[in-house]
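Residue strings, one per chain:
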Amino acid sequence: MLNKLKLRQGFTLVELLVVMIIIGLLVSILLPAVQKARESARQAKCESNMHQLGLAFLEYEAAKNVLPPNRFGPAHRGWGLYLLPYLEEDALYGMYNKEVTFFDTLNRPVVGTPLAAFQCPSAQQPRYIPDIVLQGVSSGTTTATTDYLAIHAITDPRLPNGRLIKTEGAGALDDSLTREIRDITDGTTKTIVLVEQA
C-alpha cells in the first residue's frame, strides 16, 4: 500500500506553462499602467518646470522692474540667461561673458550646459543643437536646447509660410525690448509668457 501512495515532487511541464502564461498576462496588463504612471510623473515635472520658470520671471521683474527680453540684440542673449540667477544657477550665470556674443568660444561652456529646468522629462534627454548657422555662416557652437518657448509675437496661419505679425504689444516678451508688468493690460493671469514645445 505504501508503494501506491508515492508523494509527487516538483511540477509538471503543463503546470509550469500555465503559471508562465498567467504571469505573462499579468505583466501585459500591468505594464501599460506603469508606463502611464511614469508619463504622468513626467508631465507633472514639466508643469513644475513651467511653474518654476514663471516664478523666476516674476522674481526677475520684481528685482529689475521689467521682464527679461526674449532675445537681446546682436549678442543673442535670451530670457533663459537672465533667469539663471532666479533658478539657483548663479555660478553658471557668473561664467557667462556679456562682453561677447552668445556664440563666442568663451560662452560655450555655459550655452552647452543642459539644465533640467529648461527641459521636459518627456522629451529625449539631453538634447543639443550641434551647430548653429546664422545667415548661412556656421557658428561652431553646440548649444543645449529648451522645451519652453517664449511668446513674443502672434502667428497668423493664413499668411504665407505662417509669417509672424509684428505688432506693438503682441507678446509679453519681445526681441531687444523689455516690458513692465503694467504693460500687460489684460492682466497677467490671462497672458501666456511661455509654452511647452516638447
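The rules behind the values
- Here the residue numbers are simple positions, counted from 1 along each chain's written sequence.
- With the structure being a predicted model, the display of local features is reserved for residues of pLDDT at least 70 and the display and counting of side-chain atom pairs for 80 or more, all residues being used for whole-chain, interface and lining totals.
- Values shown for side chains rest on all heavy atoms present in the structure; no hydrogens or waters enter the calculation.
- Secondary structure elements follow DSSP: runs of H or I of four or more residues count as helices, runs of E of two or more count as strands, with numbering from the N terminus.
- The rule is simple: take the accessible area with a 1.4 Å probe, protein chains only, and divide by the maximum for that residue type; under 20% is buried, over 50% is exposed, in between is partly exposed.
- Should any heavy atoms of two residues lie within 4.5 Å, those residues are counted as being in contact.
- The charge count includes Lys and Arg as positive and Asp and Glu as negative, but it does not include His or the ends of the chains.
- Take a side-chain nitrogen of Lys or Arg and a carboxyl oxygen of Asp or Glu: if they are within 4 Å of each other, that pair is a salt bridge.
- Expected span of a helix: the number of residues minus one, times 1.5 Å.
- Bend angle per residue: angle between axes fitted to the 7 residues ending at that residue and the 7 residues starting there.
- A patch consists of residues whose relative accessible area exceeds 30% and which take part in no salt bridge; residues with like charges are grouped when within 9 Å of each other, and nonpolar side chains (Val, Leu, Ile, Met, Phe, Trp, Tyr) when within 5 Å.
- Methods summary: accessible areas were calculated by the Shrake-Rupley approach with a probe of 1.4 Å, and residue burial reflects only the protein chains presented.
- When two rings of Phe, Tyr or Trp (its six-membered ring) have centres within 6.5 Å they constitute a pair, described as stacked for plane angles under 30 degrees, edge-to-face for angles over 60, and tilted for the intermediate range.

Student: Could you give me a rundown of the overall build of the protein chain, with the residues and numbers involved?
Tutor: In terms of regular secondary structure, the protein chain is built from four helices and 10 strands. Walking the protein chain from its N terminus toward its C terminus, one meets helices and strands in the order α-β-β-α-α-α-β-β-β-β-β-β-β-β. A buried classification covers 27% of the 198 residues belonging to the protein chain. Considering only contacts within the protein chain whose residues lie at least 6 apart along the sequence, 52% involve residues at least 24 apart.

Student: Any details on the side chain of Glu61? Residues and values, ideally.
Tutor: When you line up the elements, Glu61 lands in helix H1 (residues 13–64). Although Glu61 is buried, it forms no salt bridge, and the closest oppositely charged side chain is Arg182 at an N-O distance of 8.0 Å. When neighbours within four sequence positions are excluded, Glu61 is seen to be in contact with Val66, Leu67 and Ile181.

Student: Can you explain H1? Please cite residues and give values.
Tutor: For H1, with 52 residues, the first-to-last C-alpha span of 75 Å sits near the 76 Å given by 1.5 Å per residue. At Leu30, H1 shows its strongest bend, of approximately 25°, with the proline Pro32 following within four residues. Among the residues making up H1, those that are buried are Cys46, Asn49, Leu53, Ala56, Phe57, Tyr60 and Glu61. Asn65 occupies a position one or two residues after H1 and carries a positive phi of about 65°.

Student: Account for the environment of Thr143, with residues named and values stated.
Tutor: Checked against the element boundaries, Thr143 lands in strand S6 (residues 143–144). Counting along the chain gives 16 residues from Thr143 to Arg127, while the straight-line C-alpha distance between them is 8.7 Å.

Student: Explain a nonpolar patch on the surface residue by residue, including any values.
Tutor: On the surface, Val14, Val18, Ile22, Leu26, Ile29 and Leu30 cluster together into a nonpolar patch covering about 590 Å² of accessible area. Looking at the secondary structure, you find Leu30 in helix H1.

Student: Can you break down the packing of aromatic side chains residue by residue, with the values?
Tutor: Tallying each qualifying case throughout the model produces four aromatic pairs. Relative to Tyr82, the ring of Tyr60 has its centre 6.2 Å away and its plane inclined at 75°; by these criteria the two rings are edge-to-face. Taken together, the residues Tyr60 in helix H1 and Tyr82 in helix H2 (residues 79–83) connect sequence positions 22 residues apart. Accessibility expressed as a relative area gives 7% for Tyr60, which makes it buried. Clustering of aromatic rings is evident, with ring pairs tying together Phe57, Trp79 and Phe118.

Student: Just give me the short version of unusual backbone geometry, but keep the residues and values in it.
Tutor: Phi at Asn65 takes a positive value of approximately 65°, unusual for a residue other than glycine. Counting through the fold element by element, Asn65 comes out in the loop between H1 and strand S1 (71–72). The phi torsion at Glu88 lies on the positive side, around 60°, for a residue other than glycine. Examined against the element boundaries, Glu88 turns out to sit in the loop between H2 and helix H3 (90–95). Judged by its relative accessible area of 74%, Glu88 is exposed.

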